[in-house]
Amino acid sequence: MPKVLITGAAGFMGSHVADKCLELGFEVHGIDDLSGGFSENVPRGIRFSEMSILDQEAISRLFSENKFDYVFHLAAYAAEGLSHFIRRFNYSNNLIGSVNLINASVKHGVKRFIFTSSIAVYGSAQVPMTEETKPAPEDPYGIAKYAVEMDLESAHNLFGLEYVIFRPHNVYGERQNIADNFRNVIGIFMRQISQGMPVTVFGDGLQTRAFTYIDDVSHVIARAAEHKGVCGEVFNIGADEPRTVLDAARLIAQAFGAELKIEWCQARHEVINAYASHSKIREFFGESKPISLEEGLAKMANWFKRASKRAPVKYRGIELWEKLPGTWRPVVE
Ligand SMILES: NC(=O)c1ccc[n+]([C@@H]2O[C@H](COP(=O)([O-])OP(=O)(O)OC[C@H]3O[C@@H](n4cnc5c(N)ncnc54)[C@H](O)[C@@H]3O)[C@@H](O)[C@H]2O)c1
């Protein structure tokens, strides 16, 4: 039975990838430092250790004690907009943390390393973003993701480490962290609407995102470990259809049977239209019918109503206060 390590296993996507790995018959060991994930997300049936990918000694011990066949690396702090203001933390957690895992994978003969990058590597370049679009990340989050992608290529060239890179976008669904003020717009809107508050919309709300339901991506990521012909490949992964942020807000209000109230906020420095082409992933992994935004949001809303309600915590550790959006000032320290 192949043995796999999943980092970020108490997080949103990591826990779903763990579910799919179990379904594939893998023996799964998950790690997470619980900075953005929750132990209740960790699927039953996997071994779990609370551990940071920054703890080199612990990582080294973990790899020595377990002969992992495959590593799925999903741990990161994925707050793209905030990454401008937490540059040092971003590079240390998302880049150096990844390098710790790449080093350990090379040393311990891991057969394949699967990495969740992001379409943030494209910056605000032309849409649709295709895998041939030249990456030009514009924020520290995207820069760190692209640096890890390049490091994987370099580790492959010298040490032969096999890898597969996924660039997901705007994934939502059950177990998403709904207590983070800086990411996951769907979760933020659900929290606001469920509390009868107005949703905070930056700019005119007409920016588009191809919102992607988790079940449409988790099984593909899990299958990448043993899928033939995908090594060294980069795949955009996610929904095809761009929808406006306002559309999403309307549908969420509907799912909660609530009236939609909007607090209009000053436009942020962000990509206006982010959507990607997925013909490559279809070619390599086959077609599958995606879940509509209406259906996916209804499923997530059902989960949300039952989920533990965590109060959002203030972010401690802002490194640069210059140009920090005014709406964020009350939720940082
Ligand atoms: N959700 C999306 O739309 C999306 C889009 C593109 C890329 N991604 C990438 O997919 C991955 C998973 O994202 P997610 O949405 O599930 O986020 P998430 O926050 O739910 O999961 C990330 C997990 O990593 C853990 N983590 C963070 N730093 C860690 C560290 N130093 N050591 C150990 N664990 C640590 C967190 O506690 C969390 O549980 C991330 O790499 C993210 O950048 C996500």
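Residues numbered from 1 in each chain as written. Predicted model: local features only at pLDDT ≥ 70, side-chain atom pairs only at ≥ 80, totals over all residues. Heavy atoms only, no water.

1. Quick notes on the packing of aromatic side chains
Part 1 of the reasoning: All told, the structure shown has 13 aromatic pairs when counted by the stated rule.
Part 2 of the reasoning: Ring geometry for Phe 63 and Phe 68: centres 5.3 Å apart, planes at 80 degrees, overall edge-to-face. Taken as a pair, Phe 63 and Phe 68 share a single burial class, namely buried.
Part 3 of the reasoning: Aromatic pair Phe 256 and Phe 304: ring centres 5.6 Å apart, planes at 85 degrees, arrangement edge-to-face. Taken as a pair, Phe 256 in the loop between helix 7 (245–255) and strand 13 (262–265) and Phe 304 in helix 9 (residues 293–306) lie far apart in primary sequence, 48 residues in all.
Part 4 of the reasoning: Judged by its relative accessible area of 19%, Phe 256 is buried. (Phe/Tyr/Trp six-rings, centres within 6.5 Å; stacked < 30°, edge-to-face > 60°. Buried < 20%, exposed > 50% of the residue type's maximum accessible area, 1.4 Å probe, protein only. Helix = DSSP H or I, 4+ residues; strand = E, 2+ residues; numbered from the N terminus.)

2. Brief notes about the domain arrangement of the protein chain
Part 1 of the reasoning: Domain boundaries in the protein chain define domain 1 (3–171 + 213–237) and domain 2 (173–210 + 240–275 + 291–312).
Part 2 of the reasoning: Domain 1 and domain 2 are separated by 25 Å when their C-alpha centres are compared.
Part 3 of the reasoning: Contacts between the two partners involve 25 residues from domain 1 and, on the opposite side, 20 residues from domain 2.
Part 4 of the reasoning: Where domain 1 abuts domain 2, roughly 2,200 Å² becomes buried across the two surfaces, and 53% of that area is made up of carbon and sulfur atoms.
Part 5 of the reasoning: When the buried area of domain 1 at its contact with domain 2 is split by residue, Phe 12, Phe 38 and Tyr 213 rank highest and sum to 26% of it.
Part 6 of the reasoning: Our enumeration of links across domain 1 and domain 2 arrives at one salt bridge.
Part 7 of the reasoning: Where Asp 19 meets Arg 175, a salt bridge forms, and the shortest distance between an N and an O atom there is 2.9 Å. (Domains from an automatic or database assignment. Contact = heavy atoms within 4.5 Å. Buried area = accessible area lost by both parts, 1.4 Å probe. Salt bridge = Lys/Arg side-chain N within 4 Å of Asp/Glu carboxyl O.)

3. Regarding the pattern of salt bridges
Part 1 of the reasoning: One pass over the structure, following the stated rule, counts 15 salt bridges.
Part 2 of the reasoning: The salt bridge involving Lys 3 is made with Glu 27; its shortest N-O contact spans 4.0 Å. A residue pair is termed long-range when its members are at least 10 positions apart, and Lys 3 in strand 1 (residues 3–7) and Glu 27 in strand 2 (residues 27–32) qualify at 24 residues.
Part 3 of the reasoning: Taking the relative accessible area as the measure of exposure, Lys 3 reaches 17% and is therefore buried.
Part 4 of the reasoning: Measuring nitrogen to oxygen at the nearest pair gives 3.1 Å for the salt bridge that ties Glu 294 to Arg 243. With a gap of 51 residues between them, Glu 294 in helix 9 and Arg 243 in strand 12 (residues 243–244) connect regions that are remote in the sequence.

4. A look at the packing of helix 5 (residues 185–194) against helix 7
Part 1 of the reasoning: Remark: helix 5 packs on helix 7, axes separated minimally by 10 Å, with the N-to-C direction vectors making an angle of 45 degrees. When the interaxial angle is binned, helix 5 and helix 7 end up oblique. For the pair helix 5 and helix 7, the crossing hand works out as right-handed. Every residue of helix 7 that contacts helix 5 at Ile 186, Phe 189, Met 190 and Ile 193 is listed here: Val 245, Ala 248, Ala 249, Ile 252 and Ala 253.
Part 2 of the reasoning: Here the contact of helix 5 with helix 7 is composed, by residue class, of nine nonpolar, no polar and no charged. (Axes fitted to C-alpha atoms, helices over the stretch in contact; angles between N-to-C directions. Parallel < 35°, antiparallel > 145°, perpendicular 65-115°, else oblique. Left-handed = near helix turned anticlockwise from the far one by under 90°. Nonpolar A, V, L, I, M, F, W, Y, C, P; charged D, E, K, R; others polar.)

5. Structural notes on helix 5
Part 1 of the reasoning: Helix 5 sits mainly inside the fold: eight of its 10 residues count as buried.
Part 2 of the reasoning: Among the residues of helix 5, those classed as buried are Ile 186, Gly 187, Ile 188, Phe 189, Met 190, Arg 191, Gln 192 and Ile 193.
Part 3 of the reasoning: Buried residues belonging to helix 5 abut strand 7 (171–172), strand 8 (199–202), helix 7 and helix 9.
Part 4 of the reasoning: Downstream of helix 5 by a residue or two, Gly 196 has a phi angle that is positive, lying close to 70 degrees.

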